[in-house]
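# Breakdown of the fold
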Amino acid sequence: MKFISRRVHAMLDYIVGILLILAPTLLGFSHIPGAKYSAIIAGVLVLGMALLTRHEGGVAKVIPMSTHLVMDVILGILLALSPWLLNFSDQVFLPHLIVGVFSIIAGLCTVPASQHGVAQGGVLS
C-alpha cells in the first residue's frame, strides 16, 4: 500500500535529516558517542540522499527514487538496531528505534514513480 507521495517523502527527508543531526543535543544524548554519531551520520546520509534523488526535492537528481526507497529501508533497519549493535541501548534507544521504524515505513509506503507521469531522460523516475 503506497500512500506517501514523492513530494511529501522529499519534505520528510529534509525534516528527518535535520532532526537526526540535532537529536543528540535536543534529546540530551550527545554525551553517548555511539548514540550521538549514529544519529548524526544517519541524518547526513538522509540529507545527502534527498539532495541526490530524482524526486521533487532533489537537487542533483542522480539516484533513482526506487534506489532511494531501498536505501531508506536499509538505513531504517540499521538505525533501529544501532542501540543494540553499538551497545548504547542501556542509555538511550527510543529515538533511534522510532526514527528507524519510521524510515522503514516511509521507504515501503512511498509511491516510487512520478504521479504526474513526467519522464526524465525518457523513463519515469
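Per an unreviewed UniProt entry, the protein chain is named SPW repeat protein, and its organism is Olivibacter jilunii.

## Re the overall build of the protein chain
Helix and strand content of the protein chain: four helices and two strands. Mapped in sequence order, the helices and strands of the protein chain form the string α-α-α-α-β-β. In terms of overall dimensions, the protein chain is globule-like: its C-alpha atoms have a radius of gyration of 15 Å, near the 14 Å expected for 125 residues. Expressed as a percentage of the 125 residues in the protein chain, the buried residues total 39%. Sequence-distant contacts in the protein chain: of pairs separated by 6 or more residues, those separated by 24 or more amount to 61%. Taken together, the 6 basic and 4 acidic charged side chains of the protein chain have centroids lying 10 Å from each other.

## Focus: the packing of aromatic side chains
Scanning the entire structure with this criterion turns up one aromatic pair. Between the aromatic rings of Trp84 and Phe93, the centroid separation amounts to 5.5 Å while the plane-to-plane angle is 50 degrees, which identifies the pairing as tilted.

## Focus on the pattern of salt bridges
Counted according to the given criterion, the structure contains one salt bridge. When the shortest N-O distance is used, the salt bridge between Arg6 and Glu56 registers 3.3 Å. Highlighted residues: Arg6 in helix α1 (residues 6-26) and Glu56 in the loop between α2 (33-52) and α3 (65-85), separated in sequence by 50 residues.

## Looking at the packing of α3 against helix α4 (residues 94-109)
Helix packing geometry: the angle between the two helix axes and the distance between the axes. Across the interface, α3 lies against α4 with an axial gap of 7 Å and an inter-helix angle of 160 degrees. By the angle class used here, α3 and α4 are roughly antiparallel. The handedness of the crossing between α3 and α4 comes out as left-handed. Only His96, Leu97, Val99, Gly100, Val101, Ser103, Ile104, Ala106, Gly107 and Leu108 of α4 make contact with α3, whose side of the interface consists of Leu69, Asp72, Val73, Gly76, Ile77, Leu79, Ala80, Ser82 and Pro83. Its residues assigned to classes, the contact of α3 with α4 comprises twelve nonpolar, six polar and one charged.

## Looking at the nonpolar core
In terms of nonpolar packing, the biggest core is built from 13 residues, with Leu20, Phe29, Ile32, Ala35, Ala42, Phe88 and Val92 touching the most fellow members. Elements with a contribution of two residues or more to this core: α1, α2 and α3. Residue contributions to this core peak at four residues, all from α2. When near neighbours in sequence (up to four residues on either side) are disregarded, Ala42 contacts Leu20, Leu75 and Leu79.

Reading guide: rules and limits
Residues numbered from 1 in each chain as written. Predicted model: local features only at pLDDT ≥ 70, side-chain atom pairs only at ≥ 80, totals over all residues. Heavy atoms only, no water. Helix = DSSP H or I, 4+ residues; strand = E, 2+ residues; numbered from the N terminus. Rg over C-alpha atoms; globule rule 2.2 N^0.38 Å. Buried < 20%, exposed > 50% of the residue type's maximum accessible area, 1.4 Å probe, protein only. Contact = heavy atoms within 4.5 Å. Lys, Arg positive; Asp, Glu negative; His and termini not counted. Charge placed at Lys NZ, Arg CZ, Asp CG, Glu CD. Phe/Tyr/Trp six-rings, centres within 6.5 Å; stacked < 30°, edge-to-face > 60°. Salt bridge = Lys/Arg side-chain N within 4 Å of Asp/Glu carboxyl O. Axes fitted to C-alpha atoms, helices over the stretch in contact; angles between N-to-C directions. Parallel < 35°, antiparallel > 145°, perpendicular 65-115°, else oblique. Left-handed = near helix turned anticlockwise from the far one by under 90°. Nonpolar A, V, L, I, M, F, W, Y, C, P; charged D, E, K, R; others polar. Core = buried A, V, L, I, M, F, W, Y, C linked by side-chain atoms within 4.5 Å.

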